[in-house]
Amino acid sequence: MYDIIESGITAADPAGYVEATVRPDGRLAALRIDPRAMYDLTAAELAGACIEAIQHACAALPDTSHHPR
């Protein structure tokens, strides 16, 4: 469901309409929307797909809270 890449983590919503890349610091680096989404989804569904993809990518980030500074 997600890939670790040099610039962060990329994950998609379950249907694959949206891919989000999140940097290691948690900032959104990229959001890619499949053109089919405009025909297949309502605006609310597309918004939900974006949120899901971002949440999946954020959840896959390594936990760095226990590392000393």
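Preceding block: the structure.
In what follows, the accompanying structure is described. These numbers come from a predicted model, not from an experiment.

Quick word on the pattern of salt bridges
One pass over the structure, following the stated rule, counts three salt bridges. For the salt bridge of Arg 36 with Asp 34, the shortest nitrogen-to-oxygen distance reads 3.2 Å. Under the relative-accessibility criterion, Asp 34 is labelled partly exposed at 23%.

As for the nonpolar core
In this structure, Tyr 17, Val 18, Ala 20, Ala 37, Leu 41, Ala 49, Cys 50 and Ala 53 together form the largest nonpolar core, which totals eight residues. Looking at this core, the elements with two or more residues in it are strand E3 (18–22) and helix H2 (43–60). Looking at this core, the element that brings in the most residues is H2, giving three residues. Among all residues touching Leu 41, those that are not within four sequence positions of it are Tyr 17 and Leu 46.

Definitions and cut-offs
- Residues numbered from 1 in each chain as written.
- Predicted model: local features only at pLDDT ≥ 70, side-chain atom pairs only at ≥ 80, totals over all residues.
- Heavy atoms only, no water.
- Salt bridge = Lys/Arg side-chain N within 4 Å of Asp/Glu carboxyl O.
- Buried < 20%, exposed > 50% of the residue type's maximum accessible area, 1.4 Å probe, protein only.
- Core = buried A, V, L, I, M, F, W, Y, C linked by side-chain atoms within 4.5 Å.
- Helix = DSSP H or I, 4+ residues; strand = E, 2+ residues; numbered from the N terminus.
- Contact = heavy atoms within 4.5 Å.

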